[in-house]
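Here's the letter readout for the chains.
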Amino acid sequence: MIALLVLAATVLALSSGAIAASWQRYGQAALSARQDWRDCPQSREVRFQIVEYGAKPKGKVIALPIRPKAVPAYRQSLRAAA
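Along each chain, numbering runs from 1 in the same order as the chain's sequence is written. At least 70 in pLDDT is required for a residue's local features to be given in this predicted model, at least 80 for side-chain atom pairs to be given and counted, and no such filter applies to totals for whole chains, interfaces and linings, which use all residues. Excluded from the side-chain calculations are hydrogens and water; all other atoms, namely the structure's heavy atoms, are used.

J.: Can you break down the overall build of the chain residue by residue, with the values?
T.: Only runs of H or I of at least four residues qualify as helices and only runs of E of at least two qualify as strands under DSSP, and these elements are numbered from the N terminus. Helix and strand counts for the chain come out as 2 helices and 0 strands. Only the protein chains shown count as cover for residues, and the accessible areas themselves come from Shrake-Rupley with a 1.4 Å probe. Looking at the chain as shown, the accessible area adds up to about 9300 Å², and 63% of this sits on carbon and sulfur atoms.

Take a look at the structure:
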């Protein structure tokens, strides 16, 4: 039980240390990323063009004939071997 508690504490310490180190290194860049994206000239202007509006008239529905399966008029039951 104590070994499991020590292992959990070690994992918690290592993971929190890794999070703190990465926040210290990349935190300012992450906080300023939204403003940098707004200032980017490629993201300020968006253009789109509608080429075709509505459904394409080329689609067709093909009616296929449906035939019921041929069912035998009677069924023979299996007989025990003599």
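J.: Now, about helix H1 (residues 2-39): what can you tell me, with residues and values included?
T.: Along its 38 residues, H1 runs 54 Å from first to last C-alpha, staying within 8% of the 56 Å computed at 1.5 Å per residue. Largest kink in H1: about 55°, centred on Tyr-26. To estimate the expected span of a helix, count its residues, drop one, and scale the result by 1.5 Å. A residue's bend is simply the angle between two axes: one fitted to the seven residues ending at it, one to the seven starting at it.

J.: Pulling in residues and values, what's your account of a nonpolar patch on the surface?
T.: Residues Leu-4, Leu-7 and Val-11 make up a contiguous nonpolar surface patch of roughly 310 Å² in combined accessible area. In this fold, Leu-7 is placed in helix H1. By definition, no residue in a patch forms a salt bridge, and every one has over 30% relative accessible area; like charges are joined within 9 Å, nonpolar side chains (Val, Leu, Ile, Met, Phe, Trp, Tyr) within 5 Å. Each reported salt bridge corresponds to a side-chain nitrogen of Lys or Arg within 4 Å of a carboxyl oxygen of Asp or Glu.

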